[in-house]
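Observations on the three-dimensional arrangement
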Amino acid sequence: QVQLVESGGGLVQPGGSLRLSCAASGFSFNIFSMGWDRQAPGKQRELVAIITSSGNTYYVDSVKDRFTISRDNAKNTVYLQMNSLKSEDTAVYFCSRRTAGRSEYWGQGTQVTVSS
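Let me sum up the structure you'll find in this document. The residue count restarts for each chain, going from 1 along the sequence in the order it is written. Side-chain atom pairs in this predicted model are given and counted only at pLDDT of 80 or more, local residue features only at pLDDT of at least 70, and totals for whole chains, interfaces and linings cover all residues. Only hydrogens and water are removed before side-chain values are computed, so all heavy atoms of the structure are retained for them.

In this section: the pattern of salt bridges. Just to be clear on terms, a salt bridge is a Lys or Arg side-chain nitrogen sitting within 4 Å of an Asp or Glu carboxyl oxygen. By the definition in use, this model includes 5 salt bridges. One salt bridge connects Asp-61 with Lys-64, and the closest N-O pair in it is separated by 3.0 Å. With a 1.4 Å probe rolled over the protein chains alone, any residue whose accessible area is under 20% of its type maximum counts as buried; one over 50% counts as exposed, and the rest are partly exposed. For Asp-61, a relative accessible area of 62% translates into the label exposed. Look at Lys-64 and you get partly exposed, because its relative accessible area is 41%. Residue Glu-104 pairs with Arg-97 through a salt bridge whose shortest N-O separation is 2.5 Å.

Here it is in structure tokens:
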């Protein structure tokens, strides 16, 4: 079955960096687009970034030039490098497998808290 396990979250000061990882199993990782979503307290889950099977990327405007999504097909892992973090980036971050333009599976999430 599809399994997605996120790691790398934590507490960081504004302006700091974190790198999230998502280990995938149970499916042919290299043929799927993957994404990162996030959900802040009291808000709906939102898409943050996507990387296609061929390596093309998409970012929501609020994280462009600060976040970088990447993948390592040999390790079945997708990453999210987050730089210049802001308090509004505080959320639970979820790795997702994407099909037909939408997320269909998520991991359990990893908490990112940006605070001084």
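Another aspect to go through is the pairing of strand E11 (residues 110-114). Within a regular strand, side chains alternate between the sheet's two faces. Only DSSP runs of H or I reaching four residues or more are called helices, and only runs of E reaching two or more are called strands; each is numbered from the N terminus. Of the two faces of E11, only the one carrying Thr-110, Val-112 and Val-114 is buried; Gln-111 and Thr-113 on the other face are not. Pairing between strands requires that DSSP locate at least two bridges from one strand to the other. Sheet analysis places strand E2 (residues 10-12) next to E11, joined by 3 bridges and oriented parallel. Across the sheet, residue Gly-10 finds its bridge partner in E11, namely Val-112. For strand E9 (residues 91-99) and E11, the ladder comprises 3 bridges, and the chain directions are antiparallel.

Okay, the nonpolar core next. Side-chain atoms within 4.5 Å are what join buried Ala, Val, Leu, Ile, Met, Phe, Trp, Tyr and Cys residues into a set we call a nonpolar core. Grouped together as the largest cluster of nonpolar side chains are 29 residues, with contacts concentrated most on Trp-36, Val-78, Leu-80, Met-82 and Tyr-93. If you list the elements that add at least two residues to this core, you get strand E3 (18-25), strand E4 (33-39), strand E5 (46-51), strand E7 (67-72), strand E8 (77-82), E9 and E11. Considering each element in turn, this core owes the most residues, 4 residues, to E3.

Quick look at the state of the cysteines now. Two cysteine sulfurs form what is called a disulfide whenever their separation falls within 2.5 Å. Inspection of the entire model under this criterion finds 1 disulfide. Through a disulfide, Cys-22 is tied to Cys-95; the S-S separation comes to 2.1 Å. Between Cys-22 and Cys-95, the S-S torsion sits near -75°, and that sign places the bridge as left-handed. Highlighted residues: Cys-22 in strand E3 and Cys-95 in strand E9, separated in sequence by 73 residues. Residue Cys-22 shares its accessibility class with Cys-95, and that shared class is buried.

Let us now look at the environment of Ser-25. Within the element layout of this structure, Ser-25 appears in strand E3. Along the backbone, Ser-25 and Tyr-58 are 33 residues apart, and their C-alpha atoms lie at a distance of 23 Å.

Classification of ring pairs rests on two measures: the distance between centres of Phe, Tyr or Trp rings, Trp counted by its six-membered ring, which must be within 6.5 Å, and the angle between planes, read as stacked under 30 degrees, edge-to-face over 60 and tilted in between. For the structure on display, the rule yields 2 aromatic pairs. Pairing Phe-27 with Phe-29 gives two aromatic rings, centres 6.3 Å apart and planes at 50°, and the pair type is tilted. For the pair Phe-27 and Phe-29, one class covers both residues: buried. Here the aromatic rings of Phe-27 and Phe-32 are separated by 5.4 Å at their centres, their planes lie at 85°, and the arrangement is edge-to-face. The two residues Phe-27 and Phe-32 agree in class, both being buried. Here a set of aromatic residues connected by ring pairs shows up, and it is made of Phe-27, Phe-29 and Phe-32. The cationic tip of Arg-45 hangs over the ring face of Phe-94; the distance from NZ or CZ to the ring centre is 3.8 Å. Sitting over a ring, as applied to charges here, requires NZ of Lys or CZ of Arg to be within 6 Å of the ring centre and within 35 degrees of the ring normal.

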